[in-house]
Structure formats: C-alpha cells, structure tokens
Amino acid sequence: MSSPTHLLPNLEAAISVRHLAKSFGEKEVLKDINLEVAEGEVLALIGPSGSGKSTLLRCMNQLEEISRGAIHLFGTRLGFTEKDQKLYQLREKELAKQRLPTGMVFQQFNLFPHLSVYENITLSPKLARIQTKTEIKARALQLLDRVGLGQFKDTYPQKLSGGQQQRVAIARALAMNPRIMLFDEPTSALDPELVGEVLTVMQDLAETGMTMVVVTHEMEFARNVCDRIAFMEGGHIVEIGPPDDLLDRPQNARLRDFLVHVEH
Ligand code: ADP
Ligand code: MG
C-alpha cells in the first residue's frame, strides 16, 4: 500500500485521484487514496460497510469537501481554479457547474414524487439551460426508450416498481449528457427479482463506452461488466485489478476474508 510521496495527477485520465484524504471531525475515513479511471473504463468498488466507498464517490461528485489531495476529472481539478500559478477555491455556483458532467445514481432512487417520469427526467436539463426545449424533449424520449420505459412517460413514481424507478433515475442522470456516471449500490434497495433489469441497463450503458464507477455487491456484474475491481477497507484501496485476478486470485488476506462472505 506504500505510494510515492508525491504522485502527479494524470491529466489524460477521466478520473485522477491523488493522495486523497477525507475526515469527518477527528475521524479520517479516506486515507491517501490514489486512483485513475481511464475514459470508457468501468470500475467496480467493493468492500465492507463503512470502508469509505460512498464517501469516495461523493468526493468525486463534490458532495463532500475533501480534506487533502486532489481530484481531476478529464484534466480539470475539482473545487479549484488556477490563475497565475495560484489555486483559488471555487464558489458554490462554480462547483455546481463542475458537477454537471458527472451523473450520480443512489441506492434510494430520489425521484421527485410530485413529478411525472417525463418531468423528473427533464427538470435538470431545463434548469441548466444547456439544451434547447426540442433537444431536451427528444433526448428524454430517447432515454425512456433506452431504459425500456417509453410507455410510462406520464406516470408518477409511486406507481412504478423499484426497478422501474431506478431505471428512471438512470435516465434522469443521463439527460444531462454526463461524461462520467457514478453508481452507489444502485440495486441494494431492490427486491431480488428486480435487480436484473437495472443491471441490464447499466451493462448497456457500459457498452456505449461510458466511464463508470459502480459501488456494488453484485459480484457477477463486477466480473462480467467491469474492467477492474477496487477493494476498499478502512479508508484504503487495498487491492485493485482485473476482475478475474481480484476475485479468483486475491492477494490480500482481508480481501480473501471478504470474498468468503459474498458470492462470486
Ligand atoms: P461505505 O459506503 O463503504 O459503507 P461510507 O463512505 O458511507 O462507507 O462511510 C465511511 C465511514 O465514514 C463510516 O465510518 C461512516 O460512519 C463515516 N461517515 C460517512 N459519512 C459521514 C458523515 N457525514 N459524518 C460523519 N461520519 C461519516
Ligand atoms: Mg455506502
């Protein structure tokens, strides 16, 4: 787990994380995280509860302020702007702009209950004003088809199953034309029979070349769809590599221990 004292950011990577640390009060929950995700790569994040997976995703989307280190997305440093070789912290409005190219899907779908499926999907694009009305509509209808929900355009979320709601949440994130998609246990709140339909949508998305980071306990998905798996424990990335290496030939004792308890 030792790392060179000062790793430079990889400005070519979709995601470059360097010496990232995050504390809540006295408690350091992310410790010197170094990670690169290439454009088009799909990375699974696995590990026991409390190991820091959600916090790492939230830092990538600036839902948490980082304590140390740097995150660059497509060569742009999050949270800061550089002028005359000095770094200046960005204000909330500029942070919101930096978040735009990153879509996030949560365990709880977080759809707006008082808005129809179509309204849920078109709300952010309308507010962001980066597409015309015609573009927003065409894109929303295309996305609804893509997640297999074309006929539910005018339905309200509570009429939908959990699997359907999560597919709407994915379409909603995609409506902003993100370059990176972050998923935090997207199938953990679903009844087992509904997990497959959401994973299928995610697999289709991966096949389009989307850069994705997926926190998941679905080891079959991690093995078959993801390019690499990172195992986190105690705020560290303990092991990272291709699925077959990590799942079939784990090097770290704690990873071996973890795998005993999950089906793979
Ligand atoms: P995971 O997603 O792997 O289960 P988390 O990233 O949610 O782990 O949490 C990592 C650690 O950080 C846990 O010990 C958790 O209790 C703590 N933590 C997460 N969010 C907060 C917060 N807002 N305030 C204080 N502690 C937090
Ligand atoms: Mg979590």
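For the structure itself, look to the data block above.
Residues numbered from 1 in each chain as written. Chains lettered and ligands numbered in written order. Predicted model: local features only at pLDDT ≥ 70, side-chain atom pairs only at ≥ 80, totals over all residues. Heavy atoms only, no water.

Chemist: Mind showing me how you'd approach the packing of helix 5 (residues 162–174) against helix 6 (residues 192–207) here?
Modeler: A pair of packed helices is characterised by two quantities: the angle between their axes and the separation of those axes. Relative to each other, helix 5 and helix 6 sit at 20°, their axes nearing to 8 Å. Regarding the angle of helix 5 to helix 6, the classification is roughly parallel. For the pair helix 5 and helix 6, the crossing hand works out as right-handed. The residues of helix 6 that touch helix 5, namely those facing Gly162, Gly163, Gln164, Gln166, Arg167, Ile170 and Leu174, are Leu194, Glu197, Val198, Val201, Met202 and Leu205. Here the residues of the contact of helix 5 with helix 6 are counted per class, giving seven nonpolar, four polar and two charged. (Axes fitted to C-alpha atoms, helices over the stretch in contact; angles between N-to-C directions. Helix = DSSP H or I, 4+ residues; strand = E, 2+ residues; numbered from the N terminus. Parallel < 35°, antiparallel > 145°, perpendicular 65-115°, else oblique. Left-handed = near helix turned anticlockwise from the far one by under 90°. Contact = heavy atoms within 4.5 Å. Nonpolar A, V, L, I, M, F, W, Y, C, P; charged D, E, K, R; others polar.)

Chemist: Could you clarify how one ought to interpret the pairing of strand 1 (residues 15–24) in this entry?
Modeler: For a regular strand, side chains alternate in direction, first toward one face of the sheet and then toward the other. By the criterion of burial, strand 1 is predominantly enclosed, with eight of the ten residues buried. Note: strand 1 against strand 2 (residues 27–37), seven bridges, orientation antiparallel. The residue of strand 2 that forms the bridge with Leu20 is Ile33. Once strand 1 ends, the chain turns through two residues before running back antiparallel as strand 2, passing Gly25 with a positive phi of about 60°. (Buried < 20%, exposed > 50% of the residue type's maximum accessible area, 1.4 Å probe, protein only. Pairing = 2+ DSSP bridges.)

Chemist: Mind showing me how you'd approach the sheet that holds strand 3 (residues 42–46) here?
Modeler: Hydrogen bonds between backbone groups are what pair the strands of a sheet, and the pairing can be parallel or antiparallel. Here six strands make up an open sheet; going across it, the order is 8-9-10-3-11-12 and the pairing mixed. Every other strand in the sheet has two partners, leaving strand 8 (102–105) and strand 12 (236–241) as the edge strands with one partner each. Ignoring which end each strand starts from, the neighbouring axes of this sheet average 20° apart. Relative to strand 9 (residues 180–184), strand 8 runs parallel, the two sharing four bridges. Following the sheet pairing, Thr102 is matched in strand 9 by Ile180. Lying over the sheet, helix 5 contacts strand 8 and strand 9, oriented at roughly 170° with respect to strand 8. On the sheet, helix 9 (residues 253–260) packs against strand 3, strand 11 (228–233) and strand 12 and is oriented at approximately 100° with respect to strand 11.

Chemist: So what exactly am I meant to see when it comes to the pattern of salt bridges here?
Modeler: Think of it this way: side chains of opposite charge can pair up when their charged atoms draw near. Tallied over the entire structure, the rule returns twelve salt bridges. Residue Arg254 pairs with Glu233 through a salt bridge whose shortest N-O separation is 3.4 Å. Of this pair, Arg254 sits in helix 9 while Glu233 is found in strand 11, placing the two residues 21 residues apart along the sequence. A residue is classified by how much of its surface remains accessible, and Arg254, at 39% relative accessible area, is partly exposed. A single salt-bridge network, built from bridges that share partners, covers Arg223, Asp244 and Asp248. (Salt bridge = Lys/Arg side-chain N within 4 Å of Asp/Glu carboxyl O.)

Chemist: Got a minute to help me understand the site of ligand 1 in this structure?
Modeler: For ligand 1, the full set of nearby residues is Phe24, Lys27, Val29, Pro48, Ser49, Gly50, Ser51, Gly52, Lys53, Ser54 and Thr55. Lys53 places a side-chain nitrogen or oxygen 2.8 Å from an oxygen atom of ligand 1. Between ligand 1 and Ser54, the relevant distance is 2.8 Å, taken from an oxygen atom to a side-chain nitrogen or oxygen of the residue. Relative to its free-state accessible area of 560 Å², ligand 1 is covered by the protein chains to the extent of 61%. For the shell around ligand 1, the secondary structure elements donating two or more residues are strand 2 and helix 1 (53–60). In terms of residues, the shell around ligand 1 owes the most to one element, helix 1, which gives three residues. (Near = heavy atom within 4 Å. Polar contact = N/O pair within 3.5 Å; in protein donor to acceptor, adjacent residues only side chain to side chain. Areas by Shrake-Rupley, 256 points an atom, 1.4 Å probe, with all protein chains shown as cover.)

Chemist: Whenever I open this one, the packing of aromatic side chains confuses me. Can you help?
Modeler: Between two aromatic rings, the relevant description is the distance of the centres plus the angle of the planes. By the definition in use, this model includes one aromatic pair. Taking 5.3 Å as the distance between ring centres and 45° as the angle between the ring planes, the aromatic pair formed by Phe231 and Phe258 counts as tilted. With Phe231 in strand 11 and Phe258 in helix 9, the pair connects residues that are 27 residues apart, well separated along the chain. Residues Phe231 and Phe258 agree in their burial class; the two are buried. Just above the ring of Phe80 sits the side chain of Arg77; from NZ or CZ to the centre is 4.6 Å. (Phe/Tyr/Trp six-rings, centres within 6.5 Å; stacked < 30°, edge-to-face > 60°. Lys NZ or Arg CZ within 6 Å of the ring centre and 35° of its normal.)

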